[in-house]
Amino acid sequence: LTGFVMCAWNLFKTIRGKEAPGYIAFTFDDGPDLVTTPKILDVLEAHEVPATFFVVGRRFANKNPSSQAGSKLLQEIAERGFTIGNHTSRHHRLDVESLELGSRSISQNAKDIEDLIGYRPYLFRPPFGVTTAKVRRFLASRNDTMVMWNIDPQDFQRTEVEELRKRVVEQILRSEGGVIVLHDTKPWTAAALDGILLDLEAENCRRLESNRPLLIPVSLHYFLRDRDGSPRAIPPETVNNTQTKIDSIGTTCKKGN
């Protein structure tokens, strides 16, 4: 795994999830959570799957002991090679509160993240997926990239682990990849993730055997597009990591047999 070359995001765009068929980008909202986020990190790392965590400042930027522990966890996420995105300081609806409050929540969270991990997050996800034209202009003035999604298993609602596992995989297969939104604050999501990734690995083995295109977990770099619609340049290290992942699928499938 590796972190991002952050200058690669320095252009306001909106990622919607359908830009790169055959690729899957895992994203997690609303953390970091002291109990469930570490479990998710361990599973992702074990499967060598990159992910982006859209974090909320109230969980790590205050003076209380829980928040202080959250700040250390945020640093750990970055140190382990995962990407940090901005999900505002307070997780309020940006289409309801004033532009002044909303822009302050965006800017303050970006600063708090940068103070902890050493670089400014250029990826932004609006709470509840809603913005306004004024908010989007503000994001453009910051050169931020807004990240939406096309796969939403709605894990914010309490659900059985196996039900969630099945739902996530079915939606990924139906969409042939894309950006999936999950929540690292939910224990059922943390419990289901290993099974989800095992199911995707099994699916790739079947696709490999029948010579069908694979579904590859990747970073959000693969979903960025320039203004003319052409793919953005992907850092060489990220390309190498993805190719290593692709090359390992055949070995994994043979071991399974």
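Here's what I pulled together on the structure shown here. As the structure is a prediction and not an experimental result, all values here were calculated from the model.

Another aspect to go through is the pattern of salt bridges. In this structure the tally under the stated criterion is 18 salt bridges. Here K111 and D115 are joined by a salt bridge, their closest N and O atoms 3.0 Å apart. Within this pair, K111 and its partner D115 are both found in helix 3 (residues 99–117), separated by 4 residues, close to a single helical turn. The exposure class assigned to D115 is exposed, which follows from its relative accessible area of 53%. A salt bridge links R120 to D144; the shortest N-O distance between them is 2.9 Å. Of this pair, R120 sits in the loop between helix 3 and strand 5 (123–124) while D144 sits in the loop between helix 4 (133–141) and strand 6 (145–147), and the two are 24 residues apart along the sequence.

Nonpolar side chains tend to gather and get buried jointly when the protein is soluble and globular. Residues F26, F28, L44, F53 and I172 are the most contacted members of the largest nonpolar core, which totals 35 residues. Listing elements by their share of this core, those giving two or more residues are strand 2 (23–29), helix 1 (36–47), strand 3 (51–55), helix 2 (65–79), helix 3, helix 5 (161–175), strand 7 (178–183) and helix 6 (187–209). Of all the elements, helix 6 adds the most residues to this core, at 7 residues. The next biggest cluster of nonpolar side chains, apart from the first, holds 16 residues, and it includes I15, V147, V218 and C253.

Within the fold, K245 resides in helix 7 (residues 236–256). One buried charged residue, K245, remains without a salt bridge, the closest side chain of opposite sign being E201 at 4.4 Å. If we skip the residues at most four places from it in the chain, K245 touches H47, E48, V49 and E201.

Our next topic: the side chain of T88. Of note, T88 is situated in the loop between strand 4 (83–86) and helix 3. Among the polar contacts listed, one links the side chain of T88 to the backbone nitrogen of H91, at a separation of 2.9 Å. Excluding residues within four positions of it along the chain, T88 makes contact with V55, V56, G57, L94, S105, I106, N109, F124 and P127.

The subject of this paragraph is the packing of aromatic side chains. In this structure the tally under the stated criterion is 3 aromatic pairs. Each ring, one from Y23 and one from Y222, has its centre 4.8 Å from the other, and the planes form 40°; the classification is tilted. Of the two residues, Y23 is situated in strand 2 and Y222 in the loop between strand 8 (216–217) and helix 7; the sequence distance between them amounts to 199 residues. Ring geometry for F28 versus F53: centroids 5.2 Å apart, planes at 15°, classification stacked. Of the two residues, F28 is situated in strand 2 and F53 in strand 3; the sequence distance between them amounts to 25 residues. The same class applies to F28 as to F53, namely buried. Counting every residue linked through ring pairs, the aromatic cluster contains F28, F53 and F82.

Reading the values: the criteria
- Residues numbered from 1 in each chain as written.
- Predicted model: local features only at pLDDT ≥ 70, side-chain atom pairs only at ≥ 80, totals over all residues.
- Heavy atoms only, no water.
- Salt bridge = Lys/Arg side-chain N within 4 Å of Asp/Glu carboxyl O.
- Helix = DSSP H or I, 4+ residues; strand = E, 2+ residues; numbered from the N terminus.
- Buried < 20%, exposed > 50% of the residue type's maximum accessible area, 1.4 Å probe, protein only.
- Core = buried A, V, L, I, M, F, W, Y, C linked by side-chain atoms within 4.5 Å.
- Lys, Arg positive; Asp, Glu negative; His and termini not counted.
- Contact = heavy atoms within 4.5 Å.
- Polar contact = N/O pair within 3.5 Å; in protein donor to acceptor, adjacent residues only side chain to side chain.
- Phe/Tyr/Trp six-rings, centres within 6.5 Å; stacked < 30°, edge-to-face > 60°.

Scope: geometric values only; no functional claims are made or implied.
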